[in-house]
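Secondary and tertiary structure notes
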Amino acid sequence: MAGRLAAQVLDMIGEHITLGVSTEQLNTICHTFIVDELGAIPAPLNYRGFPKSICTSVNHVVCHGIPDQRRLKTGDAINIDITVIKDGFHGDTSRMFFVGKPSVMAARLSLICFQSMWCGIKKIKSGARLGDIGHAVQTHAEKHRFSVVRDFCGHGIGRVFHEDPQVLHYGQPDTGLKLQSGMTLTVEPMLNVGRHHVRILSDGWTVVTKDHSLSAQWEHTILVTESGYEVLTLGTKDR
Ligand code: MF3
Ligand code: CO
Ligand code: CO
């Protein structure tokens, strides 16, 4: 339920991502929709002191961008990351959007990041191991010469926003924790055009690439099943 609602927010916000809109305005639209239309709670708001209801990460911002007065311009690439709480459970998902026509590099980075996420997701089933996911993500990303961010990872999720295990987006097959059916976790790779190193700005949240190169991220919340997986955060177009 929470997963589907989070995806619904992303389905809704797409048409609002236009030239001149501020990330603060996008935050307000999402907040109102989550609370008034979905009867849900925006999990980021006041989470460990995060001041807004969504994360908006533009261009070289890797993740955890804080919505502000800054207006989007043509060619901007933006990740919108939505986490909602419904009936006590969390659903967490993010997608990339573009303002107007993206650069060839931005479009390619986003596509490979999306594919890398799916390479990881497809490894998921009861008995598979966390290293299988990380290795699949990393292999696809690096085959296309993008780097995988190391300092942030996916996570277990449920009644708690971030819980064990950590889901690294790099690693070796047949290593790490064995997945069991009933577990829920996120796969949310961040890929950079340049090097993988990141830095946190003085606001304590905004993560940027150290070399200021472009970054992209996609995220789904996944339920592990006996025979494979169920993606809990598919949008209407994907189901
Ligand atoms: N949604 C992010 C994730 O994928 C976490 C955001 S934490 C916040 O894990 F406080 F920045 F909102
Ligand atoms: Co997450
Ligand atoms: Co998220």
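Residues numbered from 1 in each chain as written. Chains lettered and ligands numbered in written order. Predicted model: local features only at pLDDT ≥ 70, side-chain atom pairs only at ≥ 80, totals over all residues. Heavy atoms only, no water.

Before going further, it helps to spend a moment on the nonpolar core. Membership of the largest hydrophobic core comes to 28 residues, with the highest contact counts inside it found for Ile-124, Ile-133, Leu-179, Leu-185, Val-187 and Leu-191. Elements that contribute at least two residues to this core include exactly α3 (104-121), α4 (130-143), β9 (184-187) and β14 (220-224). Top contributing element to this core by residue count: α3, with six residues. Leave out the neighbours within four places in its chain, and Leu-191 touches Leu-109, Ile-112, Cys-113, Ser-116, Ala-141, Phe-146, Ser-147, Val-148, Leu-214, Ser-215 and Ala-216. Membership of the second largest hydrophobic core comes to 24 residues, among which are Ile-17, Cys-30, Ile-54 and Ile-80. (Core = buried A, V, L, I, M, F, W, Y, C linked by side-chain atoms within 4.5 Å. Buried < 20%, exposed > 50% of the residue type's maximum accessible area, 1.4 Å probe, protein only. Helix = DSSP H or I, 4+ residues; strand = E, 2+ residues; numbered from the N terminus. Contact = heavy atoms within 4.5 Å.)

Before going further, it helps to spend a moment on the coordination of the cobalt ion (ligand 2). By definition of the ideal shapes, a tetrahedral metal site with four donors has angles of 109.5 degrees and an octahedral site with six donors has angles of 90 or 180 degrees. At this site the cobalt ion (ligand 2) is bound by Asp-92 (OD), His-155 (NE2), Glu-188 (OE) and Glu-219 (OE), with donor distances of 2.0 to 2.2 Å. Coordination geometry of the cobalt ion (ligand 2): the six donor atoms subtend angles of 51 to 164° at the metal centre, consistent with an arrangement described as irregular. In the primary structure, the donors to the cobalt ion (ligand 2) are separated according to the pattern D-x62-H-x32-E-x30-E. In this structure, the cobalt ion (ligand 2) lies 3.4 Å away from the cobalt ion (ligand 3), the two metals sharing Asp-92 as a donor. With Asp-92 in strand β5 (residues 89-98) and Glu-188 in the loop between β9 and β10 (190-192), this residue pair connects regions lying 96 residues apart in the sequence. For the residue pair Asp-92 and Glu-188, the accessibility class agrees, reading buried in each case. (Donors = N, O, S within 2.8 Å, 3.2 Å for Na, K, Ca; no water. Tetrahedral: all angles 85-135°; square planar, octahedral: opposite > 155°, others 65-115°.)

Assignment of secondary structure puts Glu-142 in helix α4. Residues Glu-142 and Ile-112, spaced 30 residues apart in sequence, show a C-alpha to C-alpha distance of 9.7 Å.

Here we come to the sheet that holds strand β13 (residues 215-217). Spatial strand order, β6-β10-β13: three strands in an open sheet with antiparallel pairing. The sheet is open, and its two borders are formed by β6 (147-148) and β13, each paired with just one other strand. Both β10 and β13 contribute to a ladder of three bridges, which runs antiparallel. Counterpart to Asn-192 in the pairing with β13 is Ser-215. (Pairing = 2+ DSSP bridges.)

This part covers the coordination of the cobalt ion (ligand 3). Note on the cobalt ion (ligand 3): its protein donors are Asp-81 (OD), Asp-81 (OD), Asp-92 (OD) and Glu-219 (OE). The metal-donor distances range over 2.1 to 2.3 Å. The site at the cobalt ion (ligand 3) holds six donor atoms, and with the angles between them running 59 to 165°, its shape is irregular. Mapped onto the polypeptide sequence, the residues donating to the cobalt ion (ligand 3) form the spacing pattern D-x10-D-x126-E.

With that out of the way, let us pick up the sheet that holds strand β11 (residues 198-200). One key point about sheets: their strands pair by backbone hydrogen bonds, in either a parallel or an antiparallel sense. With antiparallel pairing, three strands are arranged side by side in an open sheet as β3-β12-β11. Each edge of the open sheet carries a strand with a single partner, namely β3 (61-63) and β11. The sheet shows a mean angle of 40° between the axes of neighbouring strands, taken without regard to direction. Judged from the two bridges that link them, β3 and strand β12 (residues 207-209) form a sheet pairing that is antiparallel. If you follow Cys-63 over to β12, its bridge partner there is Val-207. (Axes fitted to C-alpha atoms, helices over the stretch in contact; angles between N-to-C directions.)

Attention shifts here to the packing of α3 against α4. For any two helices packed against each other, the geometry comes down to the angle between their axes and how far apart the axes lie. Where α3 meets α4, the axes come as close as 7 Å, and the angle between the chain directions of the two elements is 155°. With respect to their mutual orientation, α3 and α4 come out roughly antiparallel. Where α3 crosses over α4, the two elements pack in a sense that is right-handed. On the side of α3, the interface is formed by Ile-112, Gln-115, Ser-116, Cys-119 and Gly-120, while α4 contributes Ile-133, Ala-136, Val-137, His-140 and Ala-141. The class makeup of the residues in the contact of α3 with α4 is six nonpolar, four polar and no charged. (Parallel < 35°, antiparallel > 145°, perpendicular 65-115°, else oblique. Left-handed = near helix turned anticlockwise from the far one by under 90°. Nonpolar A, V, L, I, M, F, W, Y, C, P; charged D, E, K, R; others polar.)

Before going further, it helps to spend a moment on helix α2 (residues 23-37). The first and last C-alpha atoms of α2 sit 20 Å apart over 15 residues, in line with the 21 Å expected at 1.5 Å per residue. Of the surrounding secondary structure, the elements contacted by the buried residues of α2 are α1 (2-13), β1 (41-42), β2 (55-58) and β4 (77-86). Backbone geometry just after α2 places Gly-39 at a positive phi near 60°. (Expected span 1.5 Å × (residues − 1).)

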